[in-house]
Amino acid sequence: MSPSPPSWSAEADRRFSASPLGKKVLSLLAEGSPSQRGLSEFILRDPIFVATHGIEEVARQSTISASTISRYVRDLGLSGYAEFRAAVGETVHALIAPVNKLGAELDKGSAGQGAVEASLANGLRSIEALTDPQTAHTIREVASAIKEARNVWVMGFGLSSHLAAMLTLGLQPYRDGVVNVVQYGGTEVAAGRLMNAGKGDLVIALAFPRYSADVTDLANAARRAGAGVVALTDSIASPLAAVTTTLLLAPAPHPLLPSSSLPALALIEALVSEFLISDPAHIERAGRLAAAMSAYLSSSE
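Please read these numbers as outputs of a predicted model, since none were measured by experiment. The numbers attached to residues start from 1 for each chain and follow its sequence in the written order. Two thresholds apply to this predicted model, a pLDDT of at least 70 for residue-level local features and 80 or more for giving and counting side-chain atom pairs, whereas whole-chain, interface and lining totals are computed over all residues. Side-chain measures here rest on the full set of heavy atoms in the structure, leaving out hydrogens and waters.

Novice: Please provide a residue-by-residue account of the overall build of the protein chain, values included.
Specialist: Each helix is a run of H or I in the DSSP string that is no shorter than four residues. Each strand is a run of E no shorter than two, and both are numbered from the N terminus. When you go through the protein chain residue by residue, the secondary structure sums to 15 helices and 5 strands. Exposure is judged per residue with a 1.4 Å probe applied to protein chains only, and the accessible area is read against the type maximum: over 50% gives exposed, under 20% gives buried, and values in between give partly exposed. Counting every position in the protein chain, which comprises 301 residues, the buried fraction comes to 47%. Contact criterion: two residues are considered in contact whenever any of their non-hydrogen atoms come within 4.5 Å of each other. Long-range pairs, those at least 24 residues apart, make up 70% of the contacts in the protein chain with a sequence separation of at least 6. Looking at the protein chain as shown, the accessible area adds up to about 14,500 Å², and 55% of this sits on carbon and sulfur atoms. The protein chains shown are the only cover counted for residues, whose accessible areas, like all others here, come from Shrake-Rupley with a 1.4 Å probe.

So this is what it looks like as structure tokens:
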């Protein structure tokens, strides 16, 4: 039950992916065999784990055989797993803490800590990891794009559909033309609804592990139709990253669950807040909404 260290952030994710080694891994993610793509995703999602564990443990966690991992390493132009692990470690070292401290960081909280404590501590670390300048800059860019868009289409399947609903409900009081693509009827109805998206529109697609293939396919279709696509997802290894025009990262590790919803919720709140203050008209609408709702709210008196 050891979550990723608190210092591994969206910024570290971006910088690892932009490193020479990260670019090679990304290339195999996009163009490699199924096993190469699976291993590339595993590496990009948790390079710290690769830097601090041997080939057998990586094979067990990734469900990819050690022999396949060895071939993958040679395809990267490296002599063997030891050189590969060292290369990953050097890249991680440049981004966060010394490699010899990473194992200890990974083990923190696992001893003497139950699921409740581990989950709460993980949530705190995950949100703290979102405070880098690039994340704030991207949130402001997306808020501006929402303001300028003809229509805004918000889309998420599975558990991400609830996050999409939160974003939709947050934006709808302050601008017209905000549509929750996945409300009812499944993929077929969602696809029919999204057929109206095109040039001048903005699609905000959300996907967190476990990913839905439908959200990636529909986002790609909207992009081909001329709409801008913002992806709110957890990693550069996410399938959505390949079809987006703007990537808003919310790394979402969790010690027990497939992913945590807290980082995405934090970004959604920040995005709605930024959009709200970006135009005096939005604040005026907020005032009108508060006045209209006052009669229906309970009083503490």
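Novice: Could you give an account of the nonpolar core, with specific residues and numbers?
Specialist: Side-chain atoms within 4.5 Å link the members of a nonpolar core, which is a set of buried Ala, Val, Leu, Ile, Met, Phe, Trp, Tyr and Cys residues. In terms of nonpolar packing, the biggest core is built from 30 residues, with I146, L167, I204, L206 and L232 touching the most fellow members. Counting residues per element, the ones that place at least two in this core are α10 (133–148), β1 (152–156), α11 (160–171), β3 (202–207), β4 (228–233) and α14 (262–277). For this core, the element with the most residues is α14, which contributes 6 residues. Setting aside anything within four residues of it in sequence, one finds I146 in contact with V152, L171, R175, L202, I204, L271 and F275. If you look at the next biggest cluster of nonpolar residues, it comprises 29 residues, including L21, L44, I64 and A237.

Novice: Can you tell me about the side chain of Q36, naming the residues and giving the values?
Specialist: The topology assignment puts Q36 in helix α3 (residues 34–45). We classify Q36 as buried; its relative accessible area is 15%. Dropping the residues within four chain positions of it, Q36 is found in contact with L28, Y72 and D75.

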